Amino acid sequence: MITDVPGVLVGHHERVGDGWATGTTVVLVPEGAVGAVDQRGGAPGTRETNLLEPENLVQRVNAVCLSGGSAYGLAAADGVMRWLSERNLGFPVGTQPHEVVPIVPAAVLFDLPRSDWGNRPDASFGYAACDAAAASFSQGTVGAGAGTAVGSLKGGIGSASEVVGEFTVGALAAVNAAGEAVDLTTGRAYAADHGDFGVTWPSRPADLPSRRTDLNTTIGVVAVDAALSKAEARRIAVAAQDGLARAVRPAHTMFDGDTVFALATGAHELPDASGPFGAAARPAALDALCSAAARVFARAMVHGLLAATTAGGVPAYRDVWPEAFGQPPG
């Protein structure tokens, strides 16, 4: 899980049923973390991403808000800000403890067709997701994954992590891509070789109705317990986008607004030039973290696919290929 990175918490709030299939996920870093972002694809919906540019003032963020609801869902970040401000967490702008501005970058995905029109996340979703934030959290049709779809199948929230030396790299993805995550002629996930997912990959084509490709967007966060600059953290986010591209085909289309945030909590320092590898030590260590970021983001996307349940009229992988989970087909 992304919460294997110490200091990172995750909370969800969603509504599914009675005309609803949408929600919000918050990645909370109460102690703050250096933040960065990489955005690709032609249809992004974001908030507070410019402040993450390396040349800008703010260095640390307090939370990242991921939400359904397309541009309407950006309102969920208001609730995250209120939750943080009530706890005096944010960028200090005055002399009193409560005089802070919480730093909450946000990104949204397009899931409007899965809910009745007008049913979308608002500030109450972001506040409730913060209230639910913990080191243990659910995957699948929860939070921002409640109304997601990936190609012909239901998407969901997925997470993964990996240890690289003394560092831990974790990822969380809300899987909602225009492209397919699965070879529909076999049932095998495109990123199946990135880990042991506890399933037996099938080898038969799916009988799926054709689904009109909606506007989509996969959004997510990759976190690491390294002390990084904003520019170095952005390299982590760039690498995570490579993992996204391994997991869906095609990726980063004009109908996706794929956005990945990076959080560096700073618990461990990268090696410096005083060691035996000299000036190459720090970039080499960063490169190893980047490679891990790509792997864990790809794995997180597969976990989101496998954990999803049918919702909003989109069939889940587990219902199309139940034999992958040891259930009889049909």
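Residues numbered from 1 in each chain as written. Predicted model: local features only at pLDDT ≥ 70, side-chain atom pairs only at ≥ 80, totals over all residues. Heavy atoms only, no water.

The name given to the chain in an unreviewed UniProt entry is Peptidase S58 family protein, with the source organism recorded as Amycolatopsis balhimycina DSM 5908.

Scanning the chain from terminus to terminus reveals 5 helices and 15 strands. Counting over 330 residues, the chain shows a buried share of 56%. For the chain, long-range pairs separated by at least 24 residues make up 78% of all intrachain contacts whose partners lie at least 6 apart in sequence. Carbon together with sulfur atoms contributes 52% to the accessible area of the chain, which is approximately 12,700 Å² in total. (Helix = DSSP H or I, 4+ residues; strand = E, 2+ residues; numbered from the N terminus. Buried < 20%, exposed > 50% of the residue type's maximum accessible area, 1.4 Å probe, protein only. Contact = heavy atoms within 4.5 Å. Areas by Shrake-Rupley, 256 points an atom, 1.4 Å probe, with all protein chains shown as cover.)

Attention now moves to the side chain of Lys230. Note on placement: Lys230 falls in helix α3 (residues 230-247). Among buried charged residues, Lys230 stands out as having no salt bridge; its nearest opposite-charge side chain is Glu55, 7.0 Å away. Within the local environment of Lys230, its side chain forms a polar contact with the backbone oxygen of Asn56, the two atoms lying 3.2 Å apart. Once you skip the residues sitting within four places of it in the chain, Lys230 turns out to touch Val34, Gly35, Ala36, Leu51, Leu52, Glu53, Pro54, Asn56, Val58 and Gln59. (Lys, Arg positive; Asp, Glu negative; His and termini not counted. Salt bridge = Lys/Arg side-chain N within 4 Å of Asp/Glu carboxyl O. Polar contact = N/O pair within 3.5 Å; in protein donor to acceptor, adjacent residues only side chain to side chain.)

This part is about the state of the cysteines. Under the criterion given, the structure shown has 0 disulfides. Its sulfur unpaired, Cys65 is 7.6 Å from the next cysteine sulfur, which belongs to Cys130. The exposure class assigned to Cys130 is buried, which follows from its relative accessible area of 2%. (Disulfide = S-S within 2.5 Å.)

Looking along the chain, the bond that leaves Arg249 and enters Pro250 is cis, with omega of -10 degrees. Following the sequence through the fold, Pro250 ends up in the loop between α3 and β15 (259-269). The backbone of Asp18 sits at a positive phi, close to 55 degrees, despite the residue not being glycine. Here Asp18 lies in the loop between β1 (9-17) and β2 (20-39). Owing to a relative accessible area of 78%, Asp18 belongs among the exposed residues under this scheme. Here the phi dihedral of His252 falls at roughly 55 degrees; this positive angle occurs in a residue that is not glycine. Inspection of the secondary structure assignment puts His252 in the loop between α3 and β15. Under the relative-accessibility criterion, His252 is labelled partly exposed at 22%.

Another aspect to go through is the pattern of salt bridges. For the coordinates displayed, the defined rule picks out 9 salt bridges. When the shortest N-O distance is used, the salt bridge between Asp38 and Arg234 registers 3.0 Å. Of the two residues, Asp38 sits in strand β2 while Arg234 sits in helix α3, which places them 196 residues apart along the sequence. Taking relative accessible area as the criterion, Arg234 reaches 33% and is therefore assigned partly exposed. The partner of Glu162 in a salt bridge is Arg299, and the shortest N-O contact between them spans 3.6 Å. Remark: Arg299 occurs in helix α4 (residues 281-307) and Glu162 occurs in strand β10 (residues 157-164); sequence separation between them is 137 residues. The exposure class of Glu162 is buried, given its relative accessible area of 19%. Classification of Arg299 by relative accessible area gives buried; the value is 13%. Three or more residues joined by partner-sharing salt bridges are found here, namely Asp38, Arg40 and Arg234.

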